[in-house]
Structure formats: structure tokens, C-alpha cells
Amino acid sequence: MVKEREKGRDCQARQKIKERDKSRNSRMSLFFFFMHSSVQMKYAADAAHRGRGLSLLDELFRKMEENDMNIYGYARVSSIDQNEERQMAALRDVDVPEKNIFVDKQSGKDFDRPNYKKLVKKLKAGELLYILSIDRLGRNYEEIQKQWRVLTKEIGIDICVLDMPLLDTRNGKDLMGTFIADLVLQILSFVAQSERENIRKRQTEGIAVARAKGVKFGRPGKSVPDDFDKVVKDWEQKKLCIAEVLRQCNMSEATFYRRLREHRLLWDGKRN
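How each quantity is defined
- Residues numbered from 1 in each chain as written.
- Predicted model: local features only at pLDDT ≥ 70, side-chain atom pairs only at ≥ 80, totals over all residues.
- Heavy atoms only, no water.
- Helix = DSSP H or I, 4+ residues; strand = E, 2+ residues; numbered from the N terminus.
- Buried < 20%, exposed > 50% of the residue type's maximum accessible area, 1.4 Å probe, protein only.
- Contact = heavy atoms within 4.5 Å.
- Areas by Shrake-Rupley, 256 points an atom, 1.4 Å probe, with all protein chains shown as cover.
- pLDDT = per-residue confidence, 0-100.
- Phe/Tyr/Trp six-rings, centres within 6.5 Å; stacked < 30°, edge-to-face > 60°.
- Lys NZ or Arg CZ within 6 Å of the ring centre and 35° of its normal.
- Arc of directions from axis to C-beta.
- Pairing = 2+ DSSP bridges.
- Axes fitted to C-alpha atoms, helices over the stretch in contact; angles between N-to-C directions.
- Salt bridge = Lys/Arg side-chain N within 4 Å of Asp/Glu carboxyl O.

Some remarks on the overall build of the chain
Part 1 of the argument: When its secondary structure is counted, the chain shows ten helices and four strands.
Part 2 of the argument: Counting from the amino terminus, the chain carries its helices and strands in the arrangement α-α-β-α-β-α-β-α-α-β-α-α-α-α.
Part 3 of the argument: Burial status across the chain gives 32% buried among its 272 residues.
Part 4 of the argument: Considering only intrachain contacts with a sequence separation of at least 6, the fraction spanning at least 24 residues in the chain is 61%.
Part 5 of the argument: A total of about 19,000 Å² of accessible surface is found on the chain, and carbon and sulfur atoms cover 55% of it.

Here you go:
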């Protein structure tokens, strides 16, 4: 009789443990369900906010992939007095870490840029590079094509051009998608180089017009002393050495000979 009561109590205890475990597992399942749903809702909100037009599932997988890789950004302006903040803001909007943004203040005529070279050395296969527009990568048609192949084929990274969704190597990796991306890249590379050539042409025309109006460019010319004629004659008669001539004229040897040529041309013109 006693054994039966003990056996009954053991059964009741085991049943209670099973019910407790079942309840705890249900609560944990519910917790992870809400956590997962919250993550999905956040990524859906991000996608809607950025207007990417991606499905919730695509955006979720993309976020998961990006969390497992290094994301980089590249920005470029043509000179030190230009502001790169618009590009920086666009890169921050896609969550590129500040330490992974590389900036050059240099012409896009080639890829001989210090920070671009540092970026290329850091990139590894499977990582992602953002740029705002293709002309920020460069403005040389052939060089853009070459660098694109180096980055995507040889190194094996993905590139996303933010202002041109068709230039996102994460999408359309089939034959048709690759064909369209290559075609768009060639067109935009051509436009980038054409813009650079047009800028140079306008600069050249502007300088020509300014010079015609008497505007001087470059550093002001080194003026010669009032007694330059006498100094030259003394030097030609070997009364002065070149070191003393340079000291009296307060100019470098190259400048002295340049001014001497100008002086002689002017003198010959007066005699003629």
C-alpha cells in the first residue's frame, strides 16, 4: 500500500515537471517569435523608408548577409576646396561604418589615389562597396571598366552604386542581369569621361578669354632690379661671378637666365 502511494506521488511529480517544461518551452517559443517579428518589422520599415521596393524577405536576408561581411564606402571630390559631405551622408544612410569610408580629394582622370589604393588592399571576396555615383569612382572610361573588373572579378566583392540601382552586383547575377549591368556601366563610364572632357574644354576656353582681357595667371613674375642692365654687363665682362649676380638680383639661377632671355629679346626688339 505504501509503495503504491509512493509510486503515485512519483507519477504526479513527473507530470508536474513535464507540464512546467512544456509551459516554459511555450513561453520561450513565444518570446523568440516576438523577437523575430520585431526584427522583421524593423527591416520592413527600413526598406519602406529607403524606397528600395524590396520584399520583406529579401530585405531581411540582405541585412543578415551584410551583418556577416565588412561594408565599405568610397567618396571622391576633385580638389581640396570641394565638400564631400553629400557623399558621406549617403554612405552613412546605408550604415557604412565611419572607419570604413575612404575619401580622396583628387582628380578622377586615373586611379593613382592614395586612399583608393588603401581601400583596394583591404577589400576581400564577398565584401560590399558603396559609392554614390559612378563618376565618384572615376572619370576615365577605360580605367573605370578595368577597375570594375578588378573589384568584382579578381577580388570578388559586390559594388552598389547608390544613385543607379541597376549597378548593384548583388542583384541580377544571371546572364541577362550581368548584360544589363555591363551595358549601364559602359554608358555611365562614357558619360563620366565626356563630362570631364567638357569641363576641361570650358576651363581652357575660360582661361583663353581671361588672358585676352589681360588677366594674369600663376605666381607674379619676379621683378628685376633697376640696375639689371649694368649687372648683366658686368657679368658678361666677367666683373661679377654668377653667385654675386644672383645675390644682387635676389633670384634663383633659373629665374635669372629666364629674365636674361626676356631682357635680350626686349633689347633686340628696341634696336630693330
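So, the confidence of the model for the chain
Part 1 of the argument: The predicted model of the chain has a mean per-residue pLDDT of 75, with 65% of residues at 70 or higher.
Part 2 of the argument: Averaged pLDDT values over the elements of the chain bottom out at 49 in helix α1 (residues 2-50) and peak at 96 in strand β3 (residues 128-131).
Part 3 of the argument: Considering only residues more than four positions removed or in separate chains, one finds that residues 24-49, a stretch of pLDDT under 50, has twelve contacts.

Digging into the packing of aromatic side chains
Part 1 of the argument: Per the counting criterion, the structure on display carries seven aromatic pairs.
Part 2 of the argument: An angle of 55 degrees between the planes, with centres 5.1 Å apart, marks the rings of Phe111 and Tyr116 as tilted.
Part 3 of the argument: Judged by relative accessible area, which is 3%, Tyr116 ranks as buried.
Part 4 of the argument: Connected via pairs of aromatic rings, a cluster forms that spans Phe228, Trp235, Phe256 and Tyr257.
Part 5 of the argument: The ring of Tyr116 carries Arg113 above its face, with NZ or CZ at 5.7 Å from the centroid.

A short note on helix α8 (residues 228-236)
In an α-helix, one turn spans 3.6 residues; hence positions three or four apart end up facing the same way.
Part 1 of the argument: Where α8 is concerned, the buried positions are Phe228, Val231, Val232 and Asp234. Across the axial projection of α8, the buried residues extend over an arc of 165 degrees, all falling on one side. Turned more than 90 degrees away from the buried face of α8, the exposed residues are Lys230 and Lys233.

Observations regarding the sheet that holds strand β1 (residues 71-77)
Part 1 of the argument: Spatially, four strands are ordered β2-β1-β3-β4 in an open sheet, and the strand pairing comes out parallel. Where the open sheet ends on each side, the last strands, each with one partner, are β2 (101-105) and β4 (158-161). Between one strand axis and the next, the sheet turns through 20 degrees on average, direction left out of account.
Part 2 of the argument: As judged from the four bridges shared by β1 and β3, these two strands associate in the parallel manner.

Structural notes on the pattern of salt bridges
Part 1 of the argument: A full pass over the atoms with the stated rule returns nine salt bridges.
Part 2 of the argument: The salt bridge partner of Arg136 is Asp135, with a shortest N-O separation of 3.3 Å. For the pair Arg136 and Asp135, a shared accessibility class is recorded, and that class is buried.
Part 3 of the argument: Three or more residues are tied together by salt bridges with common partners; here these are Glu85, Arg92 and Glu98.

Brief notes about unusual backbone geometry
Part 1 of the argument: With a phi close to 65 degrees, Asp95 is a non-glycine residue in the positive phi region.
Part 2 of the argument: Secondary-structure assignment places Asp95 in the loop between α3 (85-93) and β2.

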